[in-house]
Amino acid sequence: MSAHSMVTLDGHVVSVGEVVAVARRDAQVVISAEVLAQVAVARARIEELAAAAEPKYGISTGFGALANRHISPELRAQLQRSLIRSHAAGMGAPVEREVVRALMFLRLKTLASGRTGVRPVLVENMAALLNAGITPVVHEFGSLGCSGDLAPLSHCAMVLMGEGRATGPDGVERDSAELLAAAGIEPVILEAKEGLALINGTDGMLGQLCMAIVDLEELCDIADVTGAMSVEALLGTDRVFLPELHMDLRPHPGQALSAARMLAALADSPIVASHREGDDRVQDAYSLRCAPQVTGAVRDTISHARLVAERELAAAVDNPVVLPDGRVESNGNFHGAPVAYVLDFLAIASADLGSISERRTDRLLDRARSHGLEPFLADDAGVDSGLMIAQYTQAALVSENKRLAVPASVDSIPSSAMQEDHVSMGWSAARKLRQSVDNTRRVLAIELVAAARGLDLRAPLQPAPVTGAVLAGLRQTVPGPGTDRFLSPELLAAEDFLKSSSVAALTADLPS
């Protein structure tokens, strides 16, 4: 989707791609008239219950451990304001703009489902905030991933009320009331049930899951290419990637895809052809030979995570909810366990994807295992250190990812006077996964730099057309072998090269 694309909430199940489009590319959000009418029907049912003498949780009672108190009608507006103000209790650094936009869009998606009982004006105003580029300031800590991402969503609800802090389209932080006025958006005075509906969902962890899925899918494609470049630079064989060795013998679809991509990336390689005869090595090291098995396992893990994300995207998470027959029922669907588990699972996969990449890099730098390459790919080893310390950086990133792979979802600290006595910690799982994904991209960037230098040093032999195209693309910003120079900018440029999706464009003909 382009930066000016549009996502229409018209009752269809929102896709992972639509979440990413709103979060990262500022896609405009449109609410259909049919959806607004459905929202109004559910709201009418809430107003009936608000007028009834019998207390109803979330409508005419307190919340959490205070749910046994019946709140009189004249105090209910104050009840909603108090809920949001007290729950906007986040601390720490502000989280990324794209994370806030994702969680706002996902909360809007649920508000528009007609299952939460809010007024249509809340749906319209939430869409208006997104479309105006107003982003609430949400802090790193405050969510336990149960009863919803309460603190993050409360900071967003504060802005709807014209309170709290937010950034505008220019990225400058201001008072929310000032930003709303500039955008022509009226602050909302919350009514019965609306405060709870604004904060009772898994939207923060789900939004981050959607973005991690997209990022890791791209990193798997990149890993196939950097892995192929390392195989080529290390005079490895491409025969281990033949299709009859994969889907026919071990039918994991991710493995078969990665093997096919690596085989295609190495097709017609003069370097590979140069040692097909007379090579006395029986087998390549695992980090080369088993690359499809590892990257493929990551792919299949992502596929499972995508299935969970799609199921959650089809959900309307709130408590209580308005059912199609008009009943309003309490439930526990706000518990983030399904999302938290796959966030942790992806952190394990991300760590291993980086781990095998670092092993290939280390092999490229070791003269005892690189089959004729200069030590550390240096120009004059001993005078020059080459890429020695780049591998140290990789090792630090890989080690950090191993720590980030420790699951958050196995932890639980009871809250709300033991009413909320088991929580998912899904928000924490999402936060550490984001860091892991960034680290893995940096690890792959360093492998790319090392493999590219190895290919250059095999001259006059030339790489395959595909790997050669990636090498040439990298050389637009990262120079080739030579005497030692300030290395950090080159590694950062390689990271930017991977972020830019240039590898995808240069390898568009590989199997997908």
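### Brief notes about the overall build of the chain
(1) Moving on: Tallying secondary structure elements over the chain gives 19 helices and nine strands in all.
(2) Moving on: For the chain, the spread of C-alpha atoms along the principal axes amounts to about 90 × 50 × 40 Å.
(3) Moving on: Residues classed as buried in the chain amount to 55% of the 512 residues present.
(4) Moving on: Intrachain contacts of the chain at a sequence separation of at least 6 include 78% that bridge at least 24 residues.
(5) Moving on: Only carbon and sulfur atoms are counted for the fraction: they give 56% of the accessible area of the chain, which is about 20700 Å².
(6) Moving on: Distance between charge centroids for the chain: 2 Å, based on 45 positive and 63 negative side chains.

### Concerning the side chain of threonine 202
(1) Moving on: For threonine 202, the position within the fold is in the loop between α8 (194-199) and α9 (203-233).
(2) Moving on: There is a polar contact of 2.8 Å between the side chain of threonine 202 and the side chain of glutamate 312.

### What to know about the pattern of salt bridges
(1) Moving on: Counted by the stated rule, this structure contains 40 salt bridges.
(2) Moving on: A salt bridge links arginine 369 to aspartate 362, with the nearest nitrogen and oxygen atoms 2.5 Å apart.
(3) Moving on: A residue is classified by how much of its surface remains accessible, and arginine 369, at 22% relative accessible area, is partly exposed.

### Details of unusual backbone geometry
(1) Moving on: With an omega dihedral of -5°, the bond running from asparagine 319 to proline 320 counts as a cis peptide bond.
(2) Moving on: Secondary-structure assignment places proline 320 in the loop between α13 (291-313) and β8 (321-322).
(3) Moving on: Of note, the amide linkage connecting alanine 459 to proline 460 takes the cis form, showing an omega dihedral of 15°.
(4) Moving on: Phi at alanine 417 is positive, roughly 55°, even though this residue is not glycine.
(5) Moving on: With respect to the helices and strands, alanine 417 occurs in the loop between α15 (388-404) and α16 (426-457).

### A look at the pairing of strand β2 (residues 28-31)
(1) Moving on: Here β2 shows a buried face lined by Val29 and Ile31 and an unburied face lined by Gln28 and Val30.
(2) Moving on: In the sheet, strand β1 (residues 6-9) pairs with β2 via four bridges, with the strands oriented parallel. Considered in β2, the bridge of leucine 9 is made with isoleucine 31.
(3) Moving on: A crossover connection joins β1 to the parallel β2 through helix α1 (residues 16-25); in handedness this β-α-β unit is right-handed.

### Structural notes on a negative patch on the surface
(1) Moving on: Together, Glu374, Asp379, Asp380 and Asp484 make up a region of like negative charge exposed at the surface.
(2) Moving on: Structurally, the position occupied by aspartate 380 is in the loop between α14 (337-365) and α15.
(3) Moving on: Note on aspartate 380: relative accessible area 41%, which makes it partly exposed.

### Examining the sheet that holds strand β6 (residues 165-167)
(1) Moving on: Here three strands make up an open sheet; going across it, the order is β4-β6-β7 and the pairing antiparallel. The outermost strands of the open sheet, each flanked by one partner alone, are β4 (135-136) and β7 (173-175).
(2) Moving on: For β6 and β7, the ladder comprises three bridges, and the chain directions are antiparallel. Looking across to β7, one finds that arginine 165 is bridged to aspartate 175.

Cut-offs and rules
- Residues numbered from 1 in each chain as written.
- Predicted model: local features only at pLDDT ≥ 70, side-chain atom pairs only at ≥ 80, totals over all residues.
- Heavy atoms only, no water.
- Helix = DSSP H or I, 4+ residues; strand = E, 2+ residues; numbered from the N terminus.
- Buried < 20%, exposed > 50% of the residue type's maximum accessible area, 1.4 Å probe, protein only.
- Contact = heavy atoms within 4.5 Å.
- Areas by Shrake-Rupley, 256 points an atom, 1.4 Å probe, with all protein chains shown as cover.
- Lys, Arg positive; Asp, Glu negative; His and termini not counted.
- Charge placed at Lys NZ, Arg CZ, Asp CG, Glu CD.
- Polar contact = N/O pair within 3.5 Å; in protein donor to acceptor, adjacent residues only side chain to side chain.
- Salt bridge = Lys/Arg side-chain N within 4 Å of Asp/Glu carboxyl O.
- Pairing = 2+ DSSP bridges.
- Right-handed = clockwise from strand over helix to strand, strands pointing away.
- Patch = residues over 30% accessible without salt bridge, like charges linked within 9 Å, V, L, I, M, F, W, Y side chains within 5 Å.

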